[in-house]
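Each chain, written out:
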Amino acid sequence: MTASPSPSAKLRLLAVHAHPDDESSKGAATMAMYAASGVEVMVATCTDGSRGDIQNPAMESAPHPKRDMAGARRLEMDNAAKVLGIRQRWLGFVDSGLPEGDPLPPLPVGSFATLPLERAAAPLVRLVRDFKPQVILSYDENGGYPHPDHIMAHRVAVEAFEAAGDPARYPGTGEAWEPSKLYYDRAFSPERFRALHYALEEAGLQSPYAERLAAWLEADAEGHTPPAPTHPTTTQIECGDFFEARDDALRSHRTQIDPEGFFFAVTPAMQRQTWPWEDYSLIKTRVPADVPETDFFAGLR
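A few points about the packing of helix α5 (residues 117–131) against helix α6 (residues 148–163)
Link 1 in the chain: With their axes 8 Å apart at the nearest point, α5 and α6 run at an angle of 55 degrees to one another. It follows from the interaxial angle that α5 and α6 lie oblique. Where α5 crosses over α6, the two elements pack in a sense that is right-handed. For the pair α5 and α6, the contacting residues are L117, A120, A121, L124, V125, V128 and R129 in the first and M152, R155, V156, A157, E159, A160 and A163 in the second.
Link 2 in the chain: Per-class residue counts for the contact of α5 with α6 are 11 nonpolar, no polar and 3 charged.

If you want it as structure tokens, here you go:
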């Protein structure tokens, strides 16, 4: 088993995402901040995004995504990675799509979410052993939201975190490397949306978050604060100076992101004033760590 390097060694962050565009809507400002500070940042994109629908009305007549959605999204991902200053790898799996209907139809045969865990995790274990990150960032057990590819991305990230340091597991995928810390992203934390919602209302602006907040409260007719999430925030990364880069990266995903939509309802300046952080849960650590914390690499520097 290979231990993590000394505090003077190069720091590396690996973020595991289900589809191209997920990296830009979840933790993008954090990644851009760390990359600008000299940390090596890598995004592992599990699927090709080929079953994504066009979400931007301005792109509905564009010929490329209609002919080759995966190819269009590959170009979008390249642009987003350049904006954020990060590296990116494709793990090579096919998008499972988001099933709809009652009952739900089966997922396409051979798509990412249908694969046995060891087959789905093997490319990520190989990447972990090659890239040697001290920190891995992923989604929670619900995938952040219950898309089958997001849930599988969570599963392979946890599997790689646990298995990559064991030379007896995943033979043929490189020399063992043991990451030190595993985080779950909390991009859609109720606390953040609540703060932004009230900031918009206080400024006399319409908030797009009222429906989302009401859904979180609907289980309690008296409007009590919802129960604490399974994984509360332990780590807030201050990255407000990179909110514009995050937004530009999002806009790079032209098929998926409406530039007039939900993600851009609050200006970067208002976000910096109201909630200048991105939120995470520290799930596992192999180095001493005190929470709350403000740095993924606390205990490693």
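Details of the packing of aromatic side chains
Link 1 in the chain: Tallying each qualifying case throughout the model produces 11 aromatic pairs.
Link 2 in the chain: Here the aromatic rings of Y34 and F297 are separated by 5.4 Å at their centres, their planes lie at 80 degrees, and the arrangement is edge-to-face. With Y34 in helix α2 (residues 28–36) and F297 in the segment after β7 (277–285), this residue pair connects regions lying 263 residues apart in the sequence. For the pair Y34 and F297, one class covers both residues: buried.
Link 3 in the chain: The interplanar angle of 35 degrees and the centroid separation of 5.1 Å between the aromatic rings of F93 and F112 together place this pair among those described as tilted. Placement of F93 in strand β3 (residues 87–93) and of F112 in the loop between β3 and α5 is noted, with a sequence separation of 19 residues between them.
Link 4 in the chain: In this structure F112 comes out as buried when scored by relative accessible area, which is 0%.
Link 5 in the chain: Each member of the aromatic cluster is reached from another via a ring pair, and the members are Y34, Y183, Y280, F296 and F297.

Let's talk about the sheet that holds strand β1 (residues 12–17)
Link 1 in the chain: The 7 strands lie next to each other as β3-β2-β1-β4-β5-β7-β6, forming an open sheet whose pairing is mixed. The sheet is open, and its two borders are formed by β3 and β6 (235–238), each paired with just one other strand. With strand direction ignored, the average angle separating the axes of adjacent strands in the sheet is 30 degrees.
Link 2 in the chain: Relative to β3, strand β2 (residues 40–47) runs parallel, the two being bridged by 5 bridges. The residue bridging M42 from the neighbouring strand is R87, located in β3.
Link 3 in the chain: Seen against the sheet, α5 touches β1, β2, β3 and β4 (135–138) and runs at an angle of roughly 155 degrees to β3.

What about the pattern of salt bridges?
Link 1 in the chain: Applying the stated criterion across every chain yields a total of 15 salt bridges.
Link 2 in the chain: With a closest N to O distance of 2.9 Å, R246 and D247 form a salt bridge.
Link 3 in the chain: Classification of D247 as buried rests on a relative accessible area of 4%.
Link 4 in the chain: Among the ionic contacts, a cluster of salt bridges with common partners joins E162, E178, K284 and R286.

A look at the environment of A160
Link 1 in the chain: Residue position: A160 is located in helix α6.
Link 2 in the chain: Given the relative accessible area of 0%, A160 is considered buried.
Link 3 in the chain: For the pair A160 and V83, spaced 77 residues apart in sequence, the C-alpha separation works out to 27 Å.
Link 4 in the chain: Dropping the residues within four chain positions of it, A160 is found in contact with L124, V125 and V128.

Here we look at the confidence of the model for the protein
Link 1 in the chain: Per-chain confidence: the protein averages 92 in pLDDT, with 93% of residues scoring 70 or above.
Link 2 in the chain: Counted against residues more than four places away or in other chains, residues 1–7, with its pLDDT under 50, gives 19 contacts.

A word on unusual backbone geometry
Link 1 in the chain: A cis geometry characterises the amide bond from D102 onward to P103, with omega recorded as 5 degrees.
Link 2 in the chain: When you line up the elements, P103 lands in the loop between β3 and α5.
Link 3 in the chain: You will see that K132, though not glycine, has its phi angle at about 60 degrees, which is positive.
Link 4 in the chain: In this fold, K132 is placed in the loop between α5 and β4.
Link 5 in the chain: Overall, the relative accessible area of 29% leaves K132 in the partly exposed class.

As for the side chain of D149
Link 1 in the chain: Here D149 shows up in helix α6.
Link 2 in the chain: Here D149 sits buried without a salt bridge, and the closest side chain of opposite charge, R51, lies 7.4 Å off (N-O distance).
Link 3 in the chain: A distance of 2.5 Å separates the side chain of D149 from the side chain of S96, its partner in a polar contact.
Link 4 in the chain: Once you skip the residues sitting within four places of it in the chain, D149 turns out to touch A18, H19, T47, D95, S96, G97, F112 and A113.

Re the environment of P99
Link 1 in the chain: Note that P99 resides in the loop between β3 and α5.
Link 2 in the chain: Apart from the residues within four sequence positions on either side, P99 is in contact with L104, P105, L107 and P148.

Rules used throughout
Residues numbered from 1 in each chain as written. Predicted model: local features only at pLDDT ≥ 70, side-chain atom pairs only at ≥ 80, totals over all residues. Heavy atoms only, no water. Axes fitted to C-alpha atoms, helices over the stretch in contact; angles between N-to-C directions. Helix = DSSP H or I, 4+ residues; strand = E, 2+ residues; numbered from the N terminus. Parallel < 35°, antiparallel > 145°, perpendicular 65-115°, else oblique. Left-handed = near helix turned anticlockwise from the far one by under 90°. Contact = heavy atoms within 4.5 Å. Nonpolar A, V, L, I, M, F, W, Y, C, P; charged D, E, K, R; others polar. Phe/Tyr/Trp six-rings, centres within 6.5 Å; stacked < 30°, edge-to-face > 60°. Buried < 20%, exposed > 50% of the residue type's maximum accessible area, 1.4 Å probe, protein only. Pairing = 2+ DSSP bridges. Salt bridge = Lys/Arg side-chain N within 4 Å of Asp/Glu carboxyl O. pLDDT = per-residue confidence, 0-100. Lys, Arg positive; Asp, Glu negative; His and termini not counted. Polar contact = N/O pair within 3.5 Å; in protein donor to acceptor, adjacent residues only side chain to side chain.

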